[in-house]
Amino acid sequence: MPYKIAVLISGSGSNLQAIIDRIEQNVLDARITRVISNKPGVAGLERAERHGLSTTVIEHKDYPSREDFDAALVRTIKDSGAEGVILAGFMRIITPVLINAFPGNILNIHPSIQPAFPGVHAQKQAAEYAVKLSGCSIHFVDEKMDHGPIIIQAAVPALAGDDEKSLGSRILALEHRIFPQAVQWLAQNRLEINGRTVNVLNAPSPAAVEADTYPSLVSPGLEDGF
Ligand code: GRF
């Protein structure tokens, strides 16, 4: 039985697309029961509809508090039958109302090597700081923003002259590799959380991957197809 997920988005949905693609290729053993956006008219909703997925727009501005908004999310996610919640470029801070409804089953992506550069515009922060490496992280969601136990990270080179856009697109290519992989491990019940530590059962060794003209490093490594 595929693991049932709701995917929450706010924008272009390229990470959603990567997850859809791996599912359609029978690499990722999951089923998307609903795509939810807090913004109407975003490209991610069109992507979902093109693949026959059911979508719901729940606008945060229609709710008096974060908790009320999250309660509406929980109702819609539960109605869809989803067991897990994938925050794929979902630009809202979530509260315990959502977190406690799906304990140990909410994943987020953050476009930095955590704990660097939490919050918005991580790629811009990294470019302005002139780091030599940046990357992305997939983590479980806890009550602090961009903070929960880390499942997988990728490191990409940051180059002289990089700006938010050039560094961001190098990072994004790796987001599309590691996010479906982390969802697969969650779907296969292979993630054990012990405090901050996530043990990935039978994880591949860290490995270099060719994602661009430069090598990147992914830890743990990716399985076939990801
Ligand atoms: C990604 O960079 C993600 O890490 C960040 O927002 C962006 C979303 O991109 N949180 P997309 O909507 O998946 O294309």
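In the block above lies the structure referred to throughout.
All of the points below concern the structure found in this document.

Reading guide: rules and limits
Residues numbered from 1 in each chain as written. Predicted model: local features only at pLDDT ≥ 70, side-chain atom pairs only at ≥ 80, totals over all residues. Heavy atoms only, no water. Near = heavy atom within 4 Å. Polar contact = N/O pair within 3.5 Å; in protein donor to acceptor, adjacent residues only side chain to side chain. Areas by Shrake-Rupley, 256 points an atom, 1.4 Å probe, with all protein chains shown as cover. Core = buried A, V, L, I, M, F, W, Y, C linked by side-chain atoms within 4.5 Å. Buried < 20%, exposed > 50% of the residue type's maximum accessible area, 1.4 Å probe, protein only. Helix = DSSP H or I, 4+ residues; strand = E, 2+ residues; numbered from the N terminus. Contact = heavy atoms within 4.5 Å. Phe/Tyr/Trp six-rings, centres within 6.5 Å; stacked < 30°, edge-to-face > 60°. Lys NZ or Arg CZ within 6 Å of the ring centre and 35° of its normal.

## Topic: the site of the ligand
Here is step 1 of the chain: Near the ligand the following residues occur: Ser12, Gly13, Ser14, Asn15, Gly89, Ile109, Pro111, Gln123 and Glu175.
Here is step 2 of the chain: Between the ligand and the protein, one listed contact pairs an oxygen atom with a backbone N or O atom of glycine 13 at 2.8 Å.
Here is step 3 of the chain: Computed on the free molecule, the ligand has an accessible area of 370 Å², of which 83% lies beneath the protein chains in the complex.

## Looking at the nonpolar core
Here is step 1 of the chain: Core analysis: the biggest nonpolar cluster contains 48 residues, and Ile32, Leu107 and Ile151 have the highest contact counts within it.
Here is step 2 of the chain: If you tally residues by element for this core, the top one is helix α6 (residues 164-187), at 9 residues.
Here is step 3 of the chain: When sequence neighbours within four positions are dropped, the list of residues in contact with leucine 107 reads Val85, Ile86, Leu87, Ile138, His139, Phe140, Val141, Ile151, Phe179, Ala182, Val183 and Leu186.
Here is step 4 of the chain: Membership of the second largest hydrophobic core comes to 20 residues, among which are Val74, Ala101, Ile106 and Val141.

## Considering the environment of methionine 1
Here is step 1 of the chain: Position of methionine 1 relative to the elements: it lies in the segment before β1 (3-9).
Here is step 2 of the chain: Along the primary structure methionine 1 and arginine 31 are separated by 30 residues, whereas in three dimensions their C-alpha atoms are 9.1 Å apart.

## What to know about the packing of aromatic side chains
Here is step 1 of the chain: Following the criterion strictly, the structure yields 3 aromatic pairs and no others.
Here is step 2 of the chain: Between the aromatic rings of phenylalanine 69 and phenylalanine 90, the centroid separation amounts to 6.3 Å while the plane-to-plane angle is 15 degrees, which identifies the pairing as stacked. One end of the pair, phenylalanine 69, is in helix α3 (residues 66-80); the other, phenylalanine 90, is in the loop between β4 (84-87) and α4 (96-99), with 21 residues separating them in the sequence.
Here is step 3 of the chain: For phenylalanine 69, a relative accessible area of 3% gives the class buried.
Here is step 4 of the chain: Relative to tyrosine 129, the ring of phenylalanine 117 has its centre 5.7 Å away and its plane inclined at 65 degrees; by these criteria the two rings are edge-to-face. Of this pair, phenylalanine 117 sits in the loop between β5 (106-110) and α5 (122-129) while tyrosine 129 sits in helix α5, and the two are 12 residues apart along the sequence.
Here is step 5 of the chain: According to the relative accessible area criterion, phenylalanine 117 is buried, its value standing at 15%.
Here is step 6 of the chain: Take tyrosine 129: its relative accessible area is 64%, and that puts it in the exposed class.
Here is step 7 of the chain: Members of the aromatic cluster, connected to one another through ring pairs, are Tyr63, Phe69 and Phe90.
Here is step 8 of the chain: Of note, lysine 78 hangs over the ring of phenylalanine 102, and the distance from its end group to the ring centre comes to 4.9 Å.

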